[in-house]
Amino acid sequence: MVNHCSLFMSPRPLRLRKISNPPIISGFKPYGNRKSEGEPGTVFLQIEEYEALRLCDYNMFNHHQASETMDISRPTLTRIYARARQKIAEALVLGKQIIIEGGKIYFDSEWFSCSSCGCYFNNPEKQEEIKECPLCKSNNFSNYEQTYIEPEESMTRCSDICICPNCGFEQPHRFGCPCKEEICPKCRHNMVRKGTPHSRNF
Amino acid sequence: MKVAITSTGNSVQSNLDQRFGRCGFFIIYDTETKGMEFIPNPNKDAQEGAGPASVQLVASRNVQKIISGEFGIKIKSLLDSLKIQMIVFKEPEKTIQEIINMLNS
């Protein structure tokens, strides 16, 4: 039986993997090759595979903890980890060099809140420590648990209206669903966002 | 160092815009030369993708910090990989001049 999904549909998009720190080196080079028969080649280790290896083998996390740290599912983490070990073994056995690059990733940063001016800010340069508030230069800031970009909150805050360009039917916009994918229940026409695009209540 | 501030209008008397992707104007302020550049936001009325397009516009000016009232859900990972600092300042009454004074103090 042929899997029809694999024939006619593109695969599900990958979930972004959360990386806490970029690797401090960009690869490894072998030395002392005993059988010098041309170039042995290169293994490209993705940054997400490096991160999985770091969490599982260096930090000694189990796969469940590691998957939560990277914000992916446990089976996905296990697949990434297996790929990482396979690639590193290949590099060791065949004497290939390792280059760490690529992968569908984003770097996480921590958030701070300043009690003098009431602003929130993050620290994209992890190597450097924050010494003062970037806005008011005071040092009355503290670590802030990231809760304010919760989707639930944005869902209640969004007060937009989807409108049907054909018959004028209006309905409240649903968060996460593009208006043009909404279908008007009266005339089966695709809907659009009403008025100025973002009229949120703050 | 360059700082981007989202503004409702094109003068220093206008208020801080509480949206990032669909703000009225971007103000690029240089803390060393004290120079200012006003860029009208072409993505103001975009149906979708205003945030990433605005990130691209602001990043092309080599800013290191962005001050705005709120950032959308698609923005954070982009700015993290570009190493641009986000400053969330939820005070719609503050004028651009007041924010620039805070940066200079």
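The model shown is predicted, which means the values in this text are computed figures rather than measured ones.

Draft legend 1. The interface of chain B and chain A, seen in detail. Taken together, the contact between chain B and chain A spans 29 residues of the former and 30 residues of the latter. For the pair chain B and chain A, the summed buried area comes to about 2800 Å², and 57% of that belongs to carbon and sulfur atoms. Viewed at the interface, chain A and chain B are joined by zero salt bridges. Counting the contacts that link chain B with chain A gives three residue pairs in polar contact (both at pLDDT 80 or more). Counting only elements with at least two residues in the side of chain B that touches chain A, the list comes to strand 4 (65-68), helix 2 (75-82), strand 5 (85-88) and helix 3 (96-104) of chain B.

Draft legend 2. Up close: the state of the cysteines. All names here are of chain A. Under the criterion given, the structure shown has zero disulfides over all chains. Unpaired in terms of disulfides, Cys-119 finds its nearest cysteine sulfur in Cys-117, a separation of 3.4 Å. On the basis of relative accessible area, Cys-119 is assigned to the buried category, the value being 0%. The thiol sulfur of Cys-167 is not disulfide-bonded, and the nearest other cysteine sulfur, from Cys-184, lies at 3.6 Å.

Draft legend 3. Structural view of the pairing of strand 2 (residues 25-30) of chain B. All names here are of chain B. Among the six residues in strand 2, six count as buried, and that is most of the element. Pairing of strand 1 (residues 2-7) with strand 2 involves six bridges; the strand directions are antiparallel. By the bridge assignment, Ser-7 is partnered in strand 2 with Phe-25. When strand 2 meets strand 3 (residues 36-40), the two strands line up antiparallel, connected through five bridges. From the neighbouring strand, Tyr-29 faces strand 3, where its bridge partner is Met-36. Between strand 2 and strand 3, which pair antiparallel and follow one another directly, the connecting turn spans five residues, one of which, Lys-34, has a positive phi of 60 degrees.

Draft legend 4. Structural context of the confidence of the model for chain A. All names here are of chain A. Of the residues in chain A, 83% reach a pLDDT of 70 or more, and the chain-wide mean stands at 79. Confidence, expressed as mean pLDDT per element, reaches its minimum in chain A at helix 5 (residues 151-157) with 42 and its maximum at helix 4 (residues 74-94) with 95. Note that pLDDT drops below 50 for residues 146-157; the model gives that stretch 17 contacts with residues more than four away or on any other chain. Counted against residues more than four places away or in other chains, residues 196-202, with its pLDDT under 50, gives 19 contacts.

Draft legend 5. Up close: the environment of Phe107(A). By the secondary structure assignment, Phe107(A) is in strand 5 (residues 105-107). By relative accessible area, which is 17% here, Phe107(A) ends up buried. In sequence terms Phe107(A) and Asn21(A) are 86 residues apart; their C-alpha atoms lie 6.8 Å from each other. Contact partners of Phe107(A), with chain neighbours within four places excluded, come to Ile19(A), Asn21(A), Pro22(A) and Asp80(B).

Conventions we followed
- Residues numbered from 1 in each chain as written.
- Chains lettered and ligands numbered in written order.
- Predicted model: local features only at pLDDT ≥ 70, side-chain atom pairs only at ≥ 80, totals over all residues.
- Heavy atoms only, no water.
- Contact = heavy atoms within 4.5 Å.
- Buried area = accessible area lost by both parts, 1.4 Å probe.
- Salt bridge = Lys/Arg side-chain N within 4 Å of Asp/Glu carboxyl O.
- Polar contact = N/O pair within 3.5 Å; in protein donor to acceptor, adjacent residues only side chain to side chain.
- Helix = DSSP H or I, 4+ residues; strand = E, 2+ residues; numbered from the N terminus.
- Disulfide = S-S within 2.5 Å.
- Buried < 20%, exposed > 50% of the residue type's maximum accessible area, 1.4 Å probe, protein only.
- Pairing = 2+ DSSP bridges.
- pLDDT = per-residue confidence, 0-100.

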